[in-house]
Amino acid sequence: MLIRKPDSIPSSEITPESTYVSRRHFVRDLSIGSVGLAASSIARANTLPLDEPLTPERIITSYNNFYEFGTDKGDPVRHAHQLTTAPWKVKVSGEVAKPGEYDYEDLVKGLTPEERIYRFRCVEAWSMVVPWTGIPLKALLQRLEPTGNAKYVEFTTLLRPSEMPGQRSLFTSIDWPYVEGLRLDEAYHPLSIMVVGLYGKLLPKQNGAPWRLIVPWKYGFKSIKSIVQIRFTEKKPKNTWNILAPHEYGFYANVNPAVSHPRWSQASERRLPTTLFNQNRIPTLAFNGYGEEVASLYAGMNLRRNF
Ligand SMILES: Nc1nc2c(c(=O)[nH]1)N[C@H]1C(S)=C(S)[C@@H](COP(=O)(O)O)O[C@H]1N2
Ligand SMILES: [Mo]
């Protein structure tokens, strides 16, 4: 596991009034951050066991779940290029001292992106190993100054049917926009990141540009893409897949080989890339292999009931 202590960010550094920061400037920061970290062999060795090679970039960027662009794995790469991601406004609300409408650039400004190589496990039982570039979620959330009443944080994806064909589909069963949430202690865990890049480049649109959540010990549907709203709440927020099929998808969604999905086993997974002749099946690990780091978050909880 790679953890680099983020520098403390004075809250005075962000203002709802946008100070203009060019995208190019941020790209430069991003590449400096990720190149610097890639050079750190200690950090990388701790992040990834040697027997787990990175999934090729071409697979990570063309085999996607992003239902706003369609339900086929190839729909996101086919359609997401239509999406306008600049400017990108983010609404911050709820139990927080600094609510407002922010520019995405202002929210990430001054926070150092880090490269994090994580296993990524979809609830559909396929998985990848991905070199994300992200910002520790805790550093981002704390600069917004959640109040003492905040127990959860809710994230919402962009609602823009004109650019997201899946949102105008007559066959969609999702009540858009896509929403997800975390308990605040889960969000503050050092493994939780807000991702802005992939393979050392800016995050592709089909993967959730300009930023998306990554919570590596949970099934992929928790890792919500293209976020436009962050709301701090006292009560547990709703999450899209739980609304859609509450018996199949819970709020916690921790990767758990011992608890089957009602329609398939979660004991193993297909590690991409697979071929017709080699499904590349490997055993699924509890908490996706991050149990040592995160199991204490769920001490005393029945994980079969809280699936
Ligand atoms: N807004 C939004 N976020 C989403 C989804 C989605 O359909 N819409 N799909 C989720 C699911 S099920 C998975 S497995 C991951 C896939 O991320 P990837 O395409 O970058 O691999 O995104 C998650 N985040
Ligand atoms: Mo998924």
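Up top is the structure these notes are about.
As the structure is a prediction and not an experimental result, all values here were calculated from the model.

So, how was this worked out
- Residues numbered from 1 in each chain as written.
- Chains lettered and ligands numbered in written order.
- Predicted model: local features only at pLDDT ≥ 70, side-chain atom pairs only at ≥ 80, totals over all residues.
- Heavy atoms only, no water.
- Near = heavy atom within 4 Å.
- Polar contact = N/O pair within 3.5 Å; in protein donor to acceptor, adjacent residues only side chain to side chain.
- Areas by Shrake-Rupley, 256 points an atom, 1.4 Å probe, with all protein chains shown as cover.
- Core = buried A, V, L, I, M, F, W, Y, C linked by side-chain atoms within 4.5 Å.
- Buried < 20%, exposed > 50% of the residue type's maximum accessible area, 1.4 Å probe, protein only.
- Contact = heavy atoms within 4.5 Å.
- Salt bridge = Lys/Arg side-chain N within 4 Å of Asp/Glu carboxyl O.
- Helix = DSSP H or I, 4+ residues; strand = E, 2+ residues; numbered from the N terminus.
- Pairing = 2+ DSSP bridges.
- Axes fitted to C-alpha atoms, helices over the stretch in contact; angles between N-to-C directions.
- Phe/Tyr/Trp six-rings, centres within 6.5 Å; stacked < 30°, edge-to-face > 60°.

## Looking at the site of ligand 1
Right, so step 1: Around ligand 1 lies a shell of 18 residues, among which N64, Y67, E68, N207 and K225 are the nearest.
Right, so step 2: Residue S223 places a main-chain N or O atom 3.0 Å away from a nitrogen atom belonging to ligand 1.
Right, so step 3: In isolation ligand 1 exposes 530 Å². Once the protein is present, 98% of that is buried.

## With respect to the nonpolar core
Right, so step 1: The biggest cluster of nonpolar side chains holds 73 residues, and the ones touching the most others in it are W132, F155, W211, I230 and F232.
Right, so step 2: In contact with W132, not counting residues within four places along its chain, are E114, E115, R116, Y118, F120, I193, V195, G197, L198, L203, R212 and I214.

## Considering the pattern of salt bridges
Right, so step 1: Overall, the coordinates contain 16 salt bridges when judged by the stated rule.
Right, so step 2: Among the ionic pairs, R78 bridges to D75, the shortest N-O distance being 2.9 Å. Here the residue R78 and the residue D75 both occupy positions in helix α4 (residues 75-79), the gap between them amounting to three residues, near one helical turn.
Right, so step 3: Here D75 falls in the buried class, since its relative accessible area comes to 12%.

## Digging into the side chain of N288
Right, so step 1: Within the fold, N288 resides in the loop between β12 (281-283) and α10 (291-294).
Right, so step 2: Since its relative accessible area comes to 2%, N288 is described here as buried.
Right, so step 3: For N288, the side chain forms a polar contact with the main-chain oxygen of P216, separated by 2.8 Å.
Right, so step 4: Once you skip the residues sitting within four places of it in the chain, N288 turns out to touch R119, F120, R121, P216, W217 and V255.

## Overview of the environment of D72
Right, so step 1: Inspection of the secondary structure assignment puts D72 in the loop between α3 (57-60) and α4.
Right, so step 2: Note on D72: relative accessible area 46%, which makes it partly exposed.
Right, so step 3: When sequence neighbours within four positions are dropped, the list of residues in contact with D72 reads N64 and R78.

## Focus: the sheet that holds strand β6 (residues 179-183)
Right, so step 1: With respect to topology, five strands assemble into an open sheet ordered β2-β1-β10-β5-β6, the strand pairing being mixed. Edge positions in the sheet fall to β2 (100-103) and β6, since each of these pairs with one other strand and no more. Taken over all neighbouring pairs, the strand axes of this sheet differ in orientation by 20 degrees on average, direction set aside.

## As for the packing of aromatic side chains
Right, so step 1: One pass over the structure, following the stated rule, counts 13 aromatic pairs.
Right, so step 2: Note on Y104 and W211: the rings are 5.0 Å apart at their centroids and 70 degrees apart in plane angle, and the pair reads as edge-to-face. Highlighted residues: Y104 in helix α5 (residues 104-108) and W211 in the loop between β8 (201-202) and β9 (212-214), separated in sequence by 107 residues. Exposure class is identical for Y104 and W211. Each is buried.
Right, so step 3: Ring geometry for F221 against Y249: centres 5.5 Å apart, planes inclined by 80 degrees, an arrangement best described as edge-to-face. Residue F221 is found in the loop between β9 and β10 (227-233), and its partner Y249 is found in the loop between α9 (240-244) and β11 (268-271); the two are separated by 28 residues along the sequence. As far as burial versus exposure is concerned, F221 and Y249 are alike and both buried.
Right, so step 4: Ring pairing ties together the aromatic residues Y152, F251, Y252, F287 and Y298, which thus form one cluster.

Fair warning: the whole summary comes from geometry, so function is off the table for now.
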